[in-house]
Amino acid sequence: MNEPVIAQTSPFAVQVEADKTYWWCACGKSANQPFCDGSHKASGFTPLKHTPAEAGTAYFCGCKRSANPPLCDGSHRKLIGPQPPGAV
Ligand code: FES
Ligand code: FES
């Protein structure tokens, strides 16, 4: 399988609703980041379902390299190198 496209090198902060289903774009090609718009067809990737238990802010991975998808785990920092203290 190919590497996913890096949609952006930081997470997408999204206000989510409890028990609502969200489909996170795993391929990085969607024009509706961080969510799937069907652009993954024939890419070998499929979207990942996410149903938050609680409402609030969710930080969806934008680099598509999180080890805890669909949420950001900080892996994007490896793509952008050392950051100043306090950077996201
Ligand atoms: Fe990326 Fe669907 S558009 S997984
Ligand atoms: Fe992908 Fe943070 S944006 S791990």
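Now for a description of the structure that goes with this document. Since this is a predicted model, take the numbers as computed values, not measurements.

Quick look at the packing of aromatic side chains
Part 1 of the argument: Using the criterion set out here, one finds three aromatic pairs in the structure.
Part 2 of the argument: Arranged with centres 6.4 Å apart and planes meeting at 50°, the rings of Tyr22 and Phe60 form a pair that is tilted. With Tyr22 in strand β2 (residues 22-24) and Phe60 in strand β4 (residues 56-60), this residue pair connects regions lying 38 residues apart in the sequence. Accessibility classification places Tyr22 together with Phe60 in one group, the buried group.
Part 3 of the argument: Ring pairs connect the aromatic residues Tyr22, Phe35 and Phe60, which therefore count as one cluster.

Some points on unusual backbone geometry
When glycine is set aside, most residues are seen to have a negative phi, and most peptide bonds are trans.
Part 1 of the argument: Following Gln33, the chain continues into Pro34 via a peptide bond in cis, with omega recorded as 5°.
Part 2 of the argument: Tracing the sequence through the fold places Pro34 in the loop between β2 and β3 (48-50).
Part 3 of the argument: With an omega of 10°, the peptide bond running from Pro69 to Pro70 counts as cis.
Part 4 of the argument: Within the secondary structure layout, Pro70 lies in the loop between β4 and α1 (77-80).
Part 5 of the argument: A positive phi is found at Ala42, a non-glycine position, where the angle reads about 70°.
Part 6 of the argument: Here Ala42 is to be found in the loop between β2 and β3.
Part 7 of the argument: Of the residues examined, Ala42 reaches a relative accessible area of 89% and is grouped as exposed.
Part 8 of the argument: One non-glycine residue, Lys64, lies in the positive phi region at around 65°.
Part 9 of the argument: Note that Lys64 resides in the loop between β4 and α1.

Focus on the pattern of salt bridges
Part 1 of the argument: Counted according to the given criterion, the structure contains one salt bridge.
Part 2 of the argument: Close ionic contact of Glu3 with Arg65 constitutes a salt bridge, the shortest N to O distance being 3.3 Å. With a gap of 62 residues between them, Glu3 in the segment before β1 (12-16) and Arg65 in the loop between β4 and α1 connect regions that are remote in the sequence.
Part 3 of the argument: For Arg65, a relative accessible area of 26% gives the class partly exposed.

The rules we used
- Residues numbered from 1 in each chain as written.
- Chains lettered and ligands numbered in written order.
- Predicted model: local features only at pLDDT ≥ 70, side-chain atom pairs only at ≥ 80, totals over all residues.
- Heavy atoms only, no water.
- Phe/Tyr/Trp six-rings, centres within 6.5 Å; stacked < 30°, edge-to-face > 60°.
- Helix = DSSP H or I, 4+ residues; strand = E, 2+ residues; numbered from the N terminus.
- Buried < 20%, exposed > 50% of the residue type's maximum accessible area, 1.4 Å probe, protein only.
- Salt bridge = Lys/Arg side-chain N within 4 Å of Asp/Glu carboxyl O.

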